[in-house]
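If you want the building blocks of each chain, they are given just below.
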Amino acid sequence: DSTILYIVSAIVKGLIKEVRSGQSDVEQVFLFTHNVFFHKEVSFSDGRAHILADVKYWTIHKEVLISKIESHGQVNPISTSYELLWRELKDDHTASVVTIQNTMRRIIENYFGMLGTRKYDHVIAQFETAEEKMICESLFYWINDGSHSIPDDLYIDSYSDSVEKYKAVFRRVFIAAGHEAHYNMMMGIEGTSDSQ
């Protein structure tokens, strides 16, 4: 239950660490759970799922008294809400103008809030020129306006082509703040960056 979930997950993580390091008589761990929160705690490290060569994931679904096992290979089928926000941002086919603003706002609030920075002022100050600062500030106005109201269809049509432009500015926010590596990791962009 929720009162001991974190204690049990710490014990299980410790067991898995021992097995991985070869310091245990146990050679393989099978973990079955119906609790998504427990699964997240046991399988996520550093707040996210990692693809590991020696870990496989399956889900079991029951349909009309018949259990079906679905393999997910090395990809953890459970995501954090933060990962789901990034997934929505990078999916150009499902992201709508109405939701993309809220998605960007929530990512910025979560990520920069987690770092303990004043999310908007701090980020805007990282841009060098007055023009860049104004473009960044306009992104923040745009995502806040769109996440706190539902614009009518005429308003959406008039600015729907700007989504890609704001996505580019959104990326520059992470670059200017020195967190391009995080942006690349969450967007699935291969390669390294000079920024940390």
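Preceding block: the structure.
Residues numbered from 1 in each chain as written. Predicted model: local features only at pLDDT ≥ 70, side-chain atom pairs only at ≥ 80, totals over all residues. Heavy atoms only, no water.

Moving on, we get to the overall build of the protein chain. Within the protein chain one finds nine helices and two strands. For the protein chain, the residues scored as buried account for 32% of the 196 residues in total. Summarising the internal contacts of the protein chain: among those between residues at least 6 apart in sequence, 54% fall at separations of at least 24. When the accessible surface of the protein chain is totalled, it reaches about 13,000 Å², and 55% of it is carbon and sulfur. (Helix = DSSP H or I, 4+ residues; strand = E, 2+ residues; numbered from the N terminus. Buried < 20%, exposed > 50% of the residue type's maximum accessible area, 1.4 Å probe, protein only. Contact = heavy atoms within 4.5 Å. Areas by Shrake-Rupley, 256 points an atom, 1.4 Å probe, with all protein chains shown as cover.)

Applying the stated criterion across every chain, the model contains 10 aromatic pairs. On the basis of an interplanar angle of 75 degrees and a centroid distance of 6.2 Å, the ring pair of Y82 and W86 is categorised as edge-to-face. Separated by four residues within a single helix, Y82 and W86 lie in helix α3 (residues 81–90), roughly one turn from each other. Note on accessibility: Y82 and W86 belong to one class, buried. With a centroid separation of 5.2 Å and an interplanar angle of 85 degrees, the aromatic rings of Y111 and F112 are classed as edge-to-face. Exposure remark for Y111: the relative accessible area of 8% places this residue in the buried category. A connected cluster of aromatic rings, assembled from ring pairs, spans Y82, W86, Y111, F112, F170, F174 and Y183. (Phe/Tyr/Trp six-rings, centres within 6.5 Å; stacked < 30°, edge-to-face > 60°.)

In the sheet, strand β1 (residues 57–63) pairs with strand β2 (residues 66–73) via seven bridges, with the strands oriented antiparallel. Looking at β2, one finds that I60 is bridged to I69. (Pairing = 2+ DSSP bridges.)

Taken together, the side chains of F30, F32, W58, I60 and I69 make up a nonpolar region of the molecular surface, amounting to roughly 670 Å² of accessible area. Within the secondary structure, I60 is located in strand β1. Classification of I60 as exposed rests on a relative accessible area of 52%. (Patch = residues over 30% accessible without salt bridge, like charges linked within 9 Å, V, L, I, M, F, W, Y side chains within 5 Å. Salt bridge = Lys/Arg side-chain N within 4 Å of Asp/Glu carboxyl O.)

Here we take up α3. Along α3, the positions that sit buried rather than exposed are Y82, E83, L85, W86 and L89. Buried residues of α3, viewed axially, fall in a sector of 155 degrees; they line one side. (Arc of directions from axis to C-beta.)

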